Amino acid sequence: MKGRTGTGKTTSNQQQLVLFTIAEIKSQIPAEGIEMEKVEAYNKAWRLGVESNDFSLVDEIYHPAFKAVDAVSGVEVNIDAFKEALHTLKDSILVTPAEVIVENDNFLKAHRYNRYTEADIFNSVTVSLFYKDGKIINQETVFEELDYDPSEGQDWNWEDYE
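The present account deals with the structure reproduced in this document.

Definitions and cut-offs
Residues numbered from 1 in each chain as written. Predicted model: local features only at pLDDT ≥ 70, side-chain atom pairs only at ≥ 80, totals over all residues. Heavy atoms only, no water. Phe/Tyr/Trp six-rings, centres within 6.5 Å; stacked < 30°, edge-to-face > 60°. Buried < 20%, exposed > 50% of the residue type's maximum accessible area, 1.4 Å probe, protein only. Lys NZ or Arg CZ within 6 Å of the ring centre and 35° of its normal. Salt bridge = Lys/Arg side-chain N within 4 Å of Asp/Glu carboxyl O. Helix = DSSP H or I, 4+ residues; strand = E, 2+ residues; numbered from the N terminus. Arc of directions from axis to C-beta. Contact = heavy atoms within 4.5 Å.

### Concerning the packing of aromatic side chains
- Within the structure shown, the criterion is met by nine aromatic pairs.
- Aromatic pair Trp46 and Phe55: ring centres 6.0 Å apart, planes at 70°, arrangement edge-to-face.
- Trp46 sits in the buried class, given a relative accessible area of 13%.
- Relative accessible area serves as the criterion here: at 11%, Phe55 is assigned to the buried category.
- Plain terms: the ring middles of Tyr62 and Phe66 are 5.0 Å apart, the flat faces sit at 85° to each other, and that makes the pair edge-to-face. Taken as a pair, Tyr62 and Phe66 share a single burial class, namely buried.
- Pairwise contacts between aromatic rings join Trp46, Phe55, Tyr62, Phe66 and Phe82 into one cluster.
- Note that Lys38 overlies the ring of Tyr131, its terminal NZ or CZ placed 5.0 Å from the centroid.

Listed below in C-alpha coordinates is the structure:
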(Lines give C-alpha, C1' and ligand atoms only; values in the text may rest on other atoms or scores of the structure.)
Protein backbone atom coordinates (compact mmCIF):
# COMPACT_ATOMS: atom_id res chain seq x y z
CA MET A 1 0.00 0.00 0.00
CA LYS A 2 1.31 3.47 -0.82
CA GLY A 3 1.76 6.00 1.94
CA ARG A 4 -1.16 8.26 2.58
CA THR A 5 -0.77 11.93 1.68
CA GLY A 6 -2.35 14.77 3.68
CA THR A 7 -4.75 14.43 6.57
CA GLY A 8 -7.79 13.50 4.52
CA LYS A 9 -9.89 15.40 7.02
CA THR A 10 -12.42 18.01 6.01
CA THR A 11 -12.73 21.25 7.91
CA SER A 12 -16.07 22.84 8.70
CA ASN A 13 -15.26 25.58 6.15
CA GLN A 14 -14.88 22.94 3.44
CA GLN A 15 -18.14 21.25 4.40
CA GLN A 16 -19.95 24.59 4.28
CA LEU A 17 -18.45 25.38 0.86
CA VAL A 18 -20.23 22.38 -0.65
CA LEU A 19 -23.58 23.75 0.53
CA PHE A 20 -23.19 27.19 -1.00
CA THR A 21 -25.34 28.12 -3.94
CA ILE A 22 -23.81 30.19 -6.69
CA ALA A 23 -25.24 33.36 -5.21
CA GLU A 24 -23.89 32.47 -1.78
CA ILE A 25 -20.42 31.81 -3.19
CA LYS A 26 -20.34 35.17 -4.92
CA SER A 27 -21.77 36.94 -1.87
CA GLN A 28 -18.94 35.57 0.27
CA ILE A 29 -16.26 37.29 -1.83
CA PRO A 30 -14.68 39.91 0.40
CA ALA A 31 -15.06 43.58 -0.35
CA GLU A 32 -12.24 45.11 -2.35
CA GLY A 33 -9.20 45.73 -0.20
CA ILE A 34 -9.79 42.66 1.98
CA GLU A 35 -7.65 39.74 0.90
CA MET A 36 -9.27 36.33 0.74
CA GLU A 37 -7.06 33.37 1.65
CA LYS A 38 -5.50 31.96 -1.51
CA VAL A 39 -6.80 28.42 -1.02
CA GLU A 40 -10.30 29.70 -0.23
CA ALA A 41 -10.33 31.78 -3.42
CA TYR A 42 -9.02 28.81 -5.43
CA ASN A 43 -11.65 26.43 -4.02
CA LYS A 44 -14.52 28.89 -4.52
CA ALA A 45 -13.49 29.78 -8.05
CA TRP A 46 -13.27 26.20 -9.29
CA ARG A 47 -16.36 25.06 -7.36
CA LEU A 48 -18.39 27.82 -9.05
CA GLY A 49 -17.00 26.77 -12.43
CA VAL A 50 -17.98 23.13 -11.85
CA GLU A 51 -21.44 23.87 -10.49
CA SER A 52 -22.55 26.46 -13.03
CA ASN A 53 -19.92 26.72 -15.77
CA ASP A 54 -19.34 30.27 -14.45
CA PHE A 55 -15.60 30.87 -14.50
CA SER A 56 -15.72 34.55 -13.57
CA LEU A 57 -13.96 33.92 -10.25
CA VAL A 58 -11.31 31.80 -11.98
CA ASP A 59 -10.67 34.74 -14.32
CA GLU A 60 -10.25 37.00 -11.29
CA ILE A 61 -7.58 34.88 -9.58
CA TYR A 62 -5.56 33.78 -12.64
CA HIS A 63 -3.09 36.12 -14.35
CA PRO A 64 -3.88 36.91 -18.02
CA ALA A 65 -0.44 35.53 -18.98
CA PHE A 66 -1.04 32.20 -17.16
CA LYS A 67 0.67 29.18 -18.71
CA ALA A 68 1.18 25.70 -17.30
CA VAL A 69 2.08 22.23 -18.49
CA ASP A 70 -0.92 19.89 -18.32
CA ALA A 71 -0.04 17.01 -15.97
CA VAL A 72 -1.84 14.44 -18.15
CA SER A 73 -0.91 15.45 -21.69
CA GLY A 74 2.41 17.22 -21.05
CA VAL A 75 1.27 20.06 -23.32
CA GLU A 76 1.57 23.74 -22.36
CA VAL A 77 -1.90 25.19 -21.78
CA ASN A 78 -3.54 28.49 -20.85
CA ILE A 79 -6.39 29.08 -18.43
CA ASP A 80 -9.06 28.52 -21.10
CA ALA A 81 -7.71 25.00 -21.69
CA PHE A 82 -7.89 24.30 -17.93
CA LYS A 83 -11.51 25.50 -17.87
CA GLU A 84 -12.40 23.32 -20.87
CA ALA A 85 -10.80 20.26 -19.27
CA LEU A 86 -12.76 20.80 -16.07
CA HIS A 87 -15.99 21.27 -17.99
CA THR A 88 -15.33 18.00 -19.84
CA LEU A 89 -14.51 16.02 -16.67
CA LYS A 90 -17.04 17.52 -14.25
CA ASP A 91 -19.57 14.68 -14.55
CA SER A 92 -16.99 11.92 -14.18
CA ILE A 93 -14.90 13.14 -11.26
CA LEU A 94 -15.45 14.20 -7.66
CA VAL A 95 -12.93 16.59 -6.12
CA THR A 96 -12.42 17.44 -2.46
CA PRO A 97 -11.58 21.03 -1.59
CA ALA A 98 -7.86 21.77 -1.52
CA GLU A 99 -6.13 22.19 1.85
CA VAL A 100 -3.04 24.33 2.37
CA ILE A 101 0.33 22.63 2.73
CA VAL A 102 2.50 25.77 2.36
CA GLU A 103 1.54 29.36 1.55
CA ASN A 104 3.30 32.70 1.21
CA ASP A 105 2.79 35.87 -0.85
CA ASN A 106 3.97 34.31 -4.13
CA PHE A 107 3.26 30.60 -3.68
CA LEU A 108 0.57 28.17 -2.56
CA LYS A 109 0.99 24.41 -2.31
CA ALA A 110 -2.26 22.59 -1.61
CA HIS A 111 -3.55 19.03 -1.48
CA ARG A 112 -6.84 17.40 -2.44
CA TYR A 113 -8.29 14.04 -3.49
CA ASN A 114 -10.08 13.02 -6.69
CA ARG A 115 -12.44 10.11 -7.27
CA TYR A 116 -13.57 9.00 -10.71
CA THR A 117 -17.29 8.25 -10.54
CA GLU A 118 -17.39 5.42 -13.11
CA ALA A 119 -14.73 3.36 -11.34
CA ASP A 120 -13.11 3.09 -7.94
CA ILE A 121 -10.07 5.11 -8.99
CA PHE A 122 -8.69 7.59 -6.48
CA ASN A 123 -5.93 10.19 -6.77
CA SER A 124 -3.96 12.20 -4.30
CA VAL A 125 -3.41 15.58 -5.97
CA THR A 126 -0.83 18.19 -5.04
CA VAL A 127 -1.17 21.60 -6.69
CA SER A 128 1.58 24.22 -6.62
CA LEU A 129 0.40 27.70 -7.58
CA PHE A 130 2.87 30.46 -8.39
CA TYR A 131 1.72 34.09 -8.16
CA LYS A 132 2.64 37.30 -9.99
CA ASP A 133 0.97 40.60 -9.16
CA GLY A 134 -1.33 38.72 -6.75
CA LYS A 135 -2.65 36.34 -9.44
CA ILE A 136 -1.81 32.76 -10.41
CA ILE A 137 0.76 32.87 -13.22
CA ASN A 138 1.77 29.18 -13.25
CA GLN A 139 0.45 25.91 -11.86
CA GLU A 140 2.08 22.52 -11.37
CA THR A 141 -0.16 19.56 -10.60
CA VAL A 142 1.04 16.13 -9.46
CA PHE A 143 -1.36 13.16 -9.47
CA GLU A 144 -0.65 9.97 -7.55
CA GLU A 145 -3.04 7.07 -8.07
CA LEU A 146 -4.03 5.53 -4.75
CA ASP A 147 -4.77 1.87 -4.11
CA TYR A 148 -7.23 2.74 -1.34
CA ASP A 149 -10.23 4.99 -0.80
CA PRO A 150 -8.91 8.06 1.08
CA SER A 151 -12.34 8.70 2.64
CA GLU A 152 -12.23 5.42 4.61
CA GLY A 153 -11.91 6.06 8.32
CA GLN A 154 -12.30 9.83 7.86
CA ASP A 155 -15.04 12.22 8.97
CA TRP A 156 -16.09 12.89 5.34
CA ASN A 157 -17.34 10.82 2.42
CA TRP A 158 -17.56 11.31 -1.34
CA GLU A 159 -21.28 12.05 -1.19
CA ASP A 160 -20.31 15.33 0.55
CA TYR A 161 -18.89 16.49 -2.81
CA GLU A 162 -21.52 15.29 -5.28
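So that's the structure; there's more coming.
### Observations regarding the pattern of salt bridges
- Within this structure, the stated rule accounts for four salt bridges.
- In this structure, Asp59 and Lys83 form a salt bridge, with 2.5 Å as the shortest nitrogen-oxygen distance. Here Asp59 is found in helix 4 (residues 56-61), whereas its partner Lys83 is found in helix 5 (residues 79-89), with 24 residues between them in sequence.
- For Asp59, a relative accessible area of 40% gives the class partly exposed.

### Digging into helix 5
- Those residues of helix 5 lying buried are Ile79, Phe82, Lys83 and Leu86. Taken around the axis of helix 5, the buried residues stretch over an arc of 100°, which confines them to a single face.
- As for helix 5, its buried residues are in contact with helix 3 (38-52), helix 4, strand 1 (68-69), strand 2 (76-77) and strand 7 (135-146).

### A short note on unusual backbone geometry
- With a phi angle near 60°, Asn53 is a residue other than glycine that sits in the positive phi range.
- Among the secondary structure elements, Asn53 is positioned in the loop between helix 3 and helix 4.
- The backbone phi angle of Asp133 is positive, close to 55°, even though this residue is not glycine.
- Within the element layout of this structure, Asp133 appears in the loop between strand 6 (121-132) and strand 7.

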